[in-house]
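Single-letter residue listing:
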Amino acid sequence: MFKCQGGRVKLHYCLTVFSGLLESLFFTGITFGWASLVFVLKSDGYFAGYCTNATREEDQDVSIDCRGQDEHLSWVMSVATIANTITRFPIGYVFDRCGTTVARLIAVCFYTTGTLLIALSRAETSVLLYPATACLVIAGTTLYMTNVQVANLFDTYRSTIMNVYNGAYDSSAAVFLIIKMLHEKGVSLHCCFVFLTSGSIFQLLRTFLLMPKGHIPYPLPDTYTYGVSCPGQRRERREEEENDKELDVKRNKDDKTAEDETSALHLHKKLLYEPKQEEASFGSCVKSWLFLWHLLWVVTSLLCQFLYLSLVNPMLTRLANNDQTLVSHYTNAFAITQLCAVLLSPMNGFIMDRHKHKPHKPLTQGETKREADLSSLPLALSLNSMQCFLFCVCFTCPVLPLQYLTFILQVVNSAFFFAGHQAFISTAFPMQHFGKLSGLVMTLSSLVLLLQFPIQYVIQHQLHGDPLYH
């Protein structure tokens, strides 16, 4: 770390948090702006071969039916989300086993591949959108997963930082809105994605300079260091650790001769409540009811979120009677609403961290620090479930002006969901299993997300684009 004006300033920590916020804003969740990119892809003729001439029976008027194009563009997002959830467990395993650097290098490779594939694609090679979008989604979620641990650097605001990162993750959807606006000004889609490819340089620099090779522990030790530090700082840290160890050994010898029943009881409680949870195996965590109920909550929320992202553009097109100017207006409104996610996300963090600004219960009452953190989560998770229900109700109502409210609920629900999921996993289970458990939840969710395809088919063909059966 660094020293400034005689006091220790955790400048390195602050740089890590700030650079992680920038990375989340511009690179992690850009595929959430899929509705904006779809507008550009349609203008450039992607999957236009699936548009057909249709004759209306009532007036014999010939019109263009592009439901096939909408269907393929919806499938691109659906395939990407399923590919992302399937790969989450192996990537989480690599993150736990090999550390942050290896996981982030994998993410950078996926990101670069995805942006280059879209930059090189044309209307004739529209099929490249499938692997390209999948690579972008996988890269974004992997970068987000490695950034979540940065919150461990600031214990008092740990959940708040997680939620801010999640808000930035959602707000990065505005990147595709910017591409849409540039495209309307004459900038080609390919130039935009070539520029986005250069963002991998920033990701690499941050990986080697401002992120640990392994993991950031929680709770954070006082002598913890990582990344680049001032010359001689690491040596000073090692000397401090050696001195602390010598003092601990001396203190233990003195305390051993004067140990009484009170200290023995305190030691017994410390061993009883703290290490036991840290020694829990991965298998026992997966088999616990806590994990299974959380899995059910995640699956339900993910299906609602990703199904909406896949269908929002054709839904707006139907409600606007194929008025592309009106569709563009609502698409921009949705993207701007997503941009506000980074401003809304701290609310959930304040709810989760509210107990940390109060005195903890004494150890004799049987409550550990992990249990205190866990007790603050039900309120946030319950609010998220209520938001998801209201979001689904508004989504199914075929009223165009009501979609403004749907946009707001989707953004708030997404901001609460992802951060709540990560905070729950990191709090309820040992940190050494964080990557595997978080990834396993997403991988198992992919089985349910396969329902997107029959649901989309029913909505597009049987319900004529109207998700509300009547």
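So, how was this worked out
Residues numbered from 1 in each chain as written. Predicted model: local features only at pLDDT ≥ 70, side-chain atom pairs only at ≥ 80, totals over all residues. Heavy atoms only, no water. Helix = DSSP H or I, 4+ residues; strand = E, 2+ residues; numbered from the N terminus. Buried < 20%, exposed > 50% of the residue type's maximum accessible area, 1.4 Å probe, protein only. Contact = heavy atoms within 4.5 Å. Areas by Shrake-Rupley, 256 points an atom, 1.4 Å probe, with all protein chains shown as cover. Expected span 1.5 Å × (residues − 1). Bend = angle between axes of the 7 residues up to and from the residue. pLDDT = per-residue confidence, 0-100. Phe/Tyr/Trp six-rings, centres within 6.5 Å; stacked < 30°, edge-to-face > 60°. Core = buried A, V, L, I, M, F, W, Y, C linked by side-chain atoms within 4.5 Å. Axes fitted to C-alpha atoms, helices over the stretch in contact; angles between N-to-C directions. Parallel < 35°, antiparallel > 145°, perpendicular 65-115°, else oblique. Left-handed = near helix turned anticlockwise from the far one by under 90°. Nonpolar A, V, L, I, M, F, W, Y, C, P; charged D, E, K, R; others polar.

Engineer: Help me understand the overall build of the protein, please; the structure alone is not making it clear to me.
Structural biologist: In terms of regular secondary structure, the protein is built from 22 helices and four strands. The burial tally for the protein puts 50% of its 470 residues in the buried class. Here the analysis covers contacts within the protein between residues at least 6 apart in sequence; of these, 81% occur between residues at least 24 apart. Counting only carbon and sulfur atoms, one obtains 66% of the accessible surface of the protein, whose full area is about 21,900 Å².

Engineer: When you look at helix 3 (residues 67-98) in this model, what are you seeing that I'm missing?
Structural biologist: Compared with an ideal rise of 1.5 Å per residue, which puts 32 residues at 46 Å, helix 3 spans 45 Å between its outermost C-alpha atoms and is within 8% of the ideal. Its maximal kink placed at arginine 88, helix 3 deviates by approximately 40 degrees, while the proline proline 90 follows within four residues. Looking at the residues trailing helix 3, positive phi occurs at glycine 99, about 100 degrees.

Engineer: Looking at this structure, how should I read the confidence of the model for the protein?
Structural biologist: Should the pLDDT be low somewhere, the predicted coordinates at that spot are not to be read in detail. Confidence in the prediction of the protein, expressed as mean pLDDT, is 78, and 77% of residues score 70 or more. Below a pLDDT of 50 lies the segment residues 256-278, which in the model reaches 16 contacts outside its immediate sequence neighbourhood of four places, other chains included.

Engineer: Teacher, can you tell me more about the side chain of threonine 142 here?
Structural biologist: Checked against the element boundaries, threonine 142 lands in helix 5 (residues 129-148). Apart from the residues within four sequence positions on either side, threonine 142 is in contact with Ile91, Ala103 and Ala107.

Engineer: Help me understand the packing of aromatic side chains in this model?
Structural biologist: Ring pairs (aromatic) are described by centroid distance and by the angle formed between their planes. Within this structure, the stated rule accounts for 18 aromatic pairs. Aromatic pair tyrosine 13 and phenylalanine 154: ring centres 6.1 Å apart, planes at 85 degrees, arrangement edge-to-face. Linking tyrosine 13 in helix 1 (residues 11-28) with phenylalanine 154 in the loop between helix 5 and helix 6 (158-171), this pair joins segments that are 141 residues apart in sequence. By relative accessible area, tyrosine 13 is classed as buried at 2%. Residue classification places phenylalanine 154 among the partly exposed residues on the basis of a relative accessible area of 25%. Centre to centre, the rings of tyrosine 144 and tyrosine 169 are 4.7 Å apart; their planes meet at 10 degrees, and the pair counts as stacked. Linking tyrosine 144 in helix 5 with tyrosine 169 in helix 6, this pair joins segments that are 25 residues apart in sequence.

Engineer: In this structure, what is going on with the nonpolar core? I would like to understand it.
Structural biologist: Across soluble globular proteins, nonpolar side chains have a tendency to be buried as a group. Ranked by internal contacts, the top residues of the largest apolar core, which has 101 residues, are Leu189 and Phe193. A per-element tally of this core places helix 14 (residues 289-319) first, with 17 residues. Discounting residues that sit within four places of it in the chain, phenylalanine 193 has contacts with Leu37, Thr115, Ile118, Ala119, Leu136, Phe176 and Ile179.

Engineer: What is the right way to read the packing of helix 19 (residues 377-396) against helix 20 (residues 403-428) from this model?
Structural biologist: What describes two packed helices is the angle between their axes and the distance between those same axes. Direction vectors running N to C along helix 19 and helix 20 enclose 150 degrees, while the axes themselves pass 8 Å from each other. Here helix 20 runs roughly antiparallel to helix 19, going by the angle between their axes. The chirality of how helix 19 crosses helix 20 is left-handed. Of the residues contributing to the contact of helix 19 with helix 20, the split by class is 15 nonpolar, eight polar and no charged.

Engineer: It is not clear to me how the environment of leucine 153 should be interpreted in this structure. Could you clarify?
Structural biologist: Relative to the elements of secondary structure, leucine 153 occurs in the loop between helix 5 and helix 6. Between the C-alpha atoms of leucine 153 and threonine 16, which are 137 residues apart in sequence, the distance is 9.5 Å. When residues no more than four places from it in sequence are discounted, the contact partners of leucine 153 are Tyr13, Thr16, Ile216, Leu220, Tyr224 and Tyr226.

Engineer: Help me understand helix 6, please; the structure alone is not making it clear to me.
Structural biologist: Its 14 residues place the ends of helix 6 20 Å apart at the C-alpha level, agreeing with the 20 Å of an ideal helix rising 1.5 Å per residue. Of all 14 residues in helix 6, 13 are buried, a share of seventy percent or more.

Engineer: When you look at the side chain of glutamine 403 in this model, what are you seeing that I'm missing?
Structural biologist: Looking at where glutamine 403 falls in the secondary structure, it is placed in helix 20. The exposure class assigned to glutamine 403 is buried, which follows from its relative accessible area of 0%. The contact partners of glutamine 403, leaving out residues within four places of it in the chain, are Tyr308, Met315, Leu316, Leu319, Cys394, Phe395 and Cys397.

Engineer: Could you clarify how one ought to interpret the environment of leucine 37 in this entry?
Structural biologist: Positionally, leucine 37 belongs in helix 2 (residues 34-43). Residue leucine 37 is classed as buried on the basis of its relative accessible area of 1%. Along the chain, leucine 37 and histidine 183 lie 146 residues apart, while their C-alpha atoms are 9.9 Å from each other. Leave out the neighbours within four places in its chain, and leucine 37 touches Phe176, Leu189 and Phe193.

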